[in-house]
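Fold and contact review
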Amino acid sequence: MELTGANSSRVGRIRSRIGVLGGTFDPIHNGHLAIAAAVFNVLELTSVLFVPAARPWMKESGSGYGVSSIDHRIEMVKLATERREGFYLSTVDADRGGSSYSVDTISDLREEYGHATELLLILGADALEELPRWREPERLASMCTLVCVGRPGSGLPEDLPADHPGRDAQFVSGPMLPISATDIRARVAAGMSIEGLVGASVGAYIERHGLYRRDPA
Ligand code: ATP
Ligand code: MG
């Protein structure tokens, strides 16, 4: 919208809108990039920050799966984002260390970018469903705009109960790609191709470092 006349100087203080996509990114895949692109376009974001969790607390117990080192996950996010306009790696969780909670991610980014910047936390529909079990979910929701993107197998935000911390999330339907990092790791372990699921440079990185193989080189 073009704004002219008496209001333009006031409204002209263009607020930047920064999308924040946190994740384990083990590995970053085309599903992540596609939801970030959908939100970037639909909500007219200035940029999207991809924030790898230092220690993803929700994957610490019971899964029996050892998360790849933060250095590998950072490198893959770098490779996947470096030629994409508006997409950036943020090491805010890696720099803080310890278990990574989104409430800390947003509060650190709020300090970094100030109050004139709108922060939009992008969550796949599965992550939105889990939100009540995250650390301080109501405070988290009060500090940023929650954006939910559809994911195959997960429900819509409008089906959430009234006391759910994600009840006010904006919804972007997105491309609904049936891609998950769990499936990618299983495919590599089984010697199957992951072409089309991750970017070519990420695929080459996985191969070069022997990630996800049953018999690491
Ligand atoms: P894993 O299988 O290891 O849990 P993942 O594919 O779910 O990996 P994460 O790093 O856990 O990837 O996800 C980070 C964020 O991206 C979460 O909010 C998740 O809901 C979202 N996300 C990941 N893949 C998709 C997808 N295909 N469609 C929609 N959202 C997705
Ligand atoms: Mg996941």
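Throughout what follows, the structure given in this document is the object of discussion. Worth saying up front: this structure is predicted, and the values here are computed from it rather than measured. (Residues numbered from 1 in each chain as written. Chains lettered and ligands numbered in written order. Predicted model: local features only at pLDDT ≥ 70, side-chain atom pairs only at ≥ 80, totals over all residues. Heavy atoms only, no water.)

1. With respect to the layout of surface pockets
Threshold: Detection works on a 1 Å grid of protein atoms alone, calling trapped sets that fit a 1.4 Å probe cavities and calling open sets with protein on both sides within 12 Å along at least five of seven lines pockets, with lining residues defined by an atom within 4 Å of a point. Grid points are joined across faces, edges and corners, and a volume is the space filled by probe spheres set on the points. Secondary structure elements are taken from DSSP: a helix is a run of H or I of four residues or more, a strand is a run of E of two residues or more, and numbering for both begins at the N terminus. The residue classification treats Ala, Val, Leu, Ile, Met, Phe, Trp, Tyr, Cys and Pro as nonpolar and Asp, Glu, Lys and Arg as charged. All others, Gly included, are polar.
Taken as a whole, the largest pocket holds about 970 Å³ of empty space. In terms of lining residues, the largest pocket is bounded by 45 residues, among which Gly 22, Gly 23, Lys 59, Asp 126 and Ala 127 are the most central. If you list the elements that add at least two residues to the lining of the largest pocket, you get strand 1 (17–23), helix 2 (30–42), helix 5 (102–113), strand 6 (118–124), helix 6 (125–130) and helix 8 (181–189). Residues that form the lining of the largest pocket fall into these classes: 23 nonpolar, 13 polar and nine charged. Taken as a whole, the second largest pocket encloses approximately 270 Å³ of empty space. In terms of lining, the second largest pocket is formed by 15 residues, of which the most central are Val 188, Met 192, Ile 194, Gly 203 and Glu 207. With four residues, the top contributor of residues to the lining of the second largest pocket is helix 9 (residues 200–208).

2. A look at helix 2
Condition: Under the convention used throughout, the expected extent of a helix is 1.5 Å for every residue step, that is, one less than its residue count.
Under the 1.5 Å per step criterion, the end-to-end length of helix 2 is 18 Å for 13 residues, consistent within 8% with the ideal 18 Å. The first or second residue beyond helix 2 is Glu 44, which carries a positive phi of 50°.

3. Examining the sheet that holds strand 1
Test applied: For two strands to pair, DSSP has to find at least two bridges joining them. Angles here are taken between N-to-C directions and fall from 0 to 180 degrees, while the axes themselves are lines fitted to C-alpha atoms, restricted in helices to the stretch in contact. Note on contacts: a residue pair is in contact if any heavy atoms of the two residues lie within 4.5 Å.
On the basis of which strands lie adjacent, the open sheet formed by six strands has the order 4-2-1-6-7-8 and parallel pairing. Each edge of the open sheet carries a strand with a single partner, namely strand 4 (87–89) and strand 8 (170–172). Direction aside, neighbouring strands of the sheet carry axes that sit 30° apart on average. Across the sheet, helix 2 touches strand 1, strand 2 (47–52), strand 4, strand 6, strand 7 (145–149) and strand 8, and the angle it forms with strand 2 is around 150°. In the packing of helix 5 onto the sheet, the strands contacted are strand 1, strand 2 and strand 6, and the crossing angle to strand 6 comes to about 155°.

4. Regarding the state of the cysteines
What is meant by a disulfide is a covalent connection between two cysteines, made through their sulfur atoms. How we decide: We call a pair of cysteine sulfur atoms a disulfide whenever their separation is within 2.5 Å. When accessible area is computed with a 1.4 Å probe and restricted to protein chains, residues below 20% of their type maximum are described as buried, those above 50% as exposed, and intermediate ones as partly exposed.
Throughout the structure, instances matching the rule amount to zero disulfides. Note on Cys 144: no disulfide assigned, nearest cysteine sulfur contributed by Cys 148 at a separation of 13 Å. Cys 144 sits in the buried class, given a relative accessible area of 11%.

5. Some remarks on helix 9
Keep this limit in mind: Relevant arc is that of directions from the helix axis to the C-beta atoms, nothing else.
Where helix 9 is concerned, the buried positions are Val 202, Gly 203, Tyr 205 and Ile 206. On an axial view of helix 9, the arc spanned by its buried residues comes to 160°, and they lie on one face. Of the residues in helix 9, the exposed ones pointing more than 90 degrees away from the buried face are Ala 200, Glu 207 and Arg 208. On its buried face, helix 9 is in contact with helix 3 (70–81) and helix 8. The positive-phi residue at the C-terminal boundary of helix 9 is Gly 210, with phi of around 60°.

6. Comments concerning the site of ligand 1
Selection criterion: Throughout, the term near means that a residue has one or more heavy atoms lying within 4 Å of the molecule or strand in question. We call two N or O atoms a polar contact when they sit within 3.5 Å, provided that within protein one can donate a hydrogen and the other can accept it, with sequence-adjacent residues counted only if both atoms are side-chain atoms. Exposure was quantified through the Shrake-Rupley algorithm and a 1.4 Å probe, taking into account, for residues, occlusion by the shown protein chains and nothing else. A molecule is counted as occupying a cavity or pocket when more than half of its atoms fall within 2 Å of that pocket's grid points.
Near ligand 1 lie 22 residues; those nearest to it are His 29, Asp 126, Arg 151, Ala 181 and Thr 182. Between ligand 1 and Asp 126, the relevant distance is 2.5 Å, taken from an oxygen atom to a side-chain nitrogen or oxygen of the residue. Within the contact set of ligand 1, a nitrogen atom lies 2.9 Å away from a backbone nitrogen or oxygen of Leu 177. Here ligand 1, which alone exposes 600 Å², has 91% of that area covered by the protein. Taken atom by atom, the bulk of ligand 1 overlaps the largest pocket. Taken together, the elements giving at least two residues each to the shell around ligand 1 come down to strand 1, helix 2, strand 6, helix 6 and helix 8. Among the residues forming the shell around ligand 1, the class breakdown is eight nonpolar, 10 polar and four charged.

7. Digging into the pairing of strand 7
Side-chain direction in a regular strand flips from residue to residue, so the side chains alternate between the two faces of the sheet. Most of strand 7 sits inside the fold, with five of its five residues counted as buried. What you see with strand 7 is no split at all: Thr 145, Val 147 and Val 149 on one side and Leu 146 and Cys 148 on the other are buried throughout. Here strand 7 pairs with strand 8 via three bridges, running parallel. Paired with Val 149 across the two strands is Val 172, which belongs to strand 8.

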